Structures are given as C-alpha cells and as structure tokens.
Amino acid sequence: MKKLFCILLSLTMLLTLCSCGATEESTITDEEIVALIDGDIQIGKYLYVYCPSTDWDNSVEYEGEIWYPVNQEGLETWDEWETYIRSIYCGEWEEYALDNESYKNIDGKLYCDAGERGYDLTDDYVYEILENSDGEAKVKVTNPGIDGDFAQEYTLIMTLTDDGWRVSGQE
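None of these values were measured; they are calculated from a predicted model.

Calculation rules
Residues numbered from 1 in each chain as written. Predicted model: local features only at pLDDT ≥ 70, side-chain atom pairs only at ≥ 80, totals over all residues. Heavy atoms only, no water. Buried < 20%, exposed > 50% of the residue type's maximum accessible area, 1.4 Å probe, protein only. Helix = DSSP H or I, 4+ residues; strand = E, 2+ residues; numbered from the N terminus. Arc of directions from axis to C-beta. Contact = heavy atoms within 4.5 Å. Pairing = 2+ DSSP bridges. Axes fitted to C-alpha atoms, helices over the stretch in contact; angles between N-to-C directions.

Peer 1: Would you mind showing me how to read helix α4 (residues 91-98) here?
Peer 2: Residues separated by three or four positions in an α-helix point in the same direction, a consequence of the helix having 3.6 residues per turn. Taken together, the buried positions of α4 are E94, A97 and L98. Along the axis of α4, the buried residues cluster in a sector spanning 95 degrees; they form a single face. Next to the buried residues of α4 lie α2 (30-48) and α3 (78-88).

Peer 1: Looking at this structure, I do not really get the environment of G39. What am I missing?
Peer 2: Within the element layout of this structure, G39 appears in helix α2. Residue G39 is classed as buried on the basis of its relative accessible area of 5%. On a C-alpha basis, the gap between G39 and Y84 in space is 8.9 Å, while along the polypeptide they are 45 residues apart. Those residues within four positions of G39 in sequence are excluded, and the remaining contacts are Y84 and I88.

Peer 1: Explain the sheet that holds strand β1 (residues 60-62) here, please?
Peer 2: Strand pairing in a sheet takes place through backbone hydrogen bonds and is either antiparallel or parallel in direction. Strand order across the open sheet formed by 4 strands is β1-β2-β4-β3, with antiparallel pairing between neighbours. Unpaired on one side and paired on the other, β1 and β3 (103-106) mark the two borders of the sheet. This sheet shows a mean twist of 45 degrees between the axes of neighbouring strands, independent of strand direction. For β1 and strand β2 (residues 65-69), the ladder comprises 3 bridges, and the chain directions are antiparallel.

In structure tokens:
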C-alpha cells in the first residue's frame, strides 16, 4: 500500500510540474520591449528625419515627382520595407508607415523623396512598464531629444500577435 501511495504521489507531482511549462507566455520581456522601441525610433527617423542610404545619382521621375532608390542592405525592395515595418508595427500604425508619402514602390524597388523631414530623435531613452499582461503591454518611453530639444514622453501600446509582439498604438 505504501508503494502504491508513493507511486501515485510521484505521478501527481510529475504531472503538476509538466503542466507548469505548458502555458504560453503572454507578457512581454525587456528584450522584446527594447527591440520594439529601437525599431520604432529607427522607423520614426526614416519617416520624419532622413531616408535610409540612398543612391542620389540615379533618380527617377514617377507621377511627376523625383524619387531616389534606397540602396541600404535589407531595405532595397518594397517587400523588404514591408517586412521591416511589419516586424515592428501592426494595425493602423503598420498601415500608416506603409502609406507614408515619403516612400514609393516603383517596380518592386523602394524609393524615397528628398524632402526635409523636421526634427531629430535620439537613440537614448528610458522606459517604464506601466501594464504587462494578457497579450498587451503599455510602456512609457522618455526620450531626452537632441541637446534637450524635442524631448518626448509617450506611452507605446504593444500587442502580442501571431507573429510576436508589435507596436499597435500610442497614448
């Protein structure tokens, strides 16, 4: 009887321990937060500050405007641009970045305009997790700006999608 009790107790403990690892993690990690904030800042620079590495000598006219081919490794085609945007954003933010008027898909290649884009951002920031549960996180980001100019404080909403964590909005 003691042996049977020990076997049953051992099986119960084994099943209990196995079930601990079976649940899917629905909270975001610090590494995922940093990757998304870094990506958000970089895309912000591309959309509002400057184009990626561009071939200024090989412009094309398209729809009455001059466009310059992007020649930055990993961002030369429209498909690569879409993949990059979708690795950081989802939902309306993804649509906004892909519909940005500074970039065009010309025959499958990524082109940008030469327009001035305004303020600059810094890569220095601190963040604080405000909420982190059940597939959604809210992260307050404080960016001091360049030499104290353009300092920003905002909250990114990060959502767990089928493809991993993505920025889905901002408060």
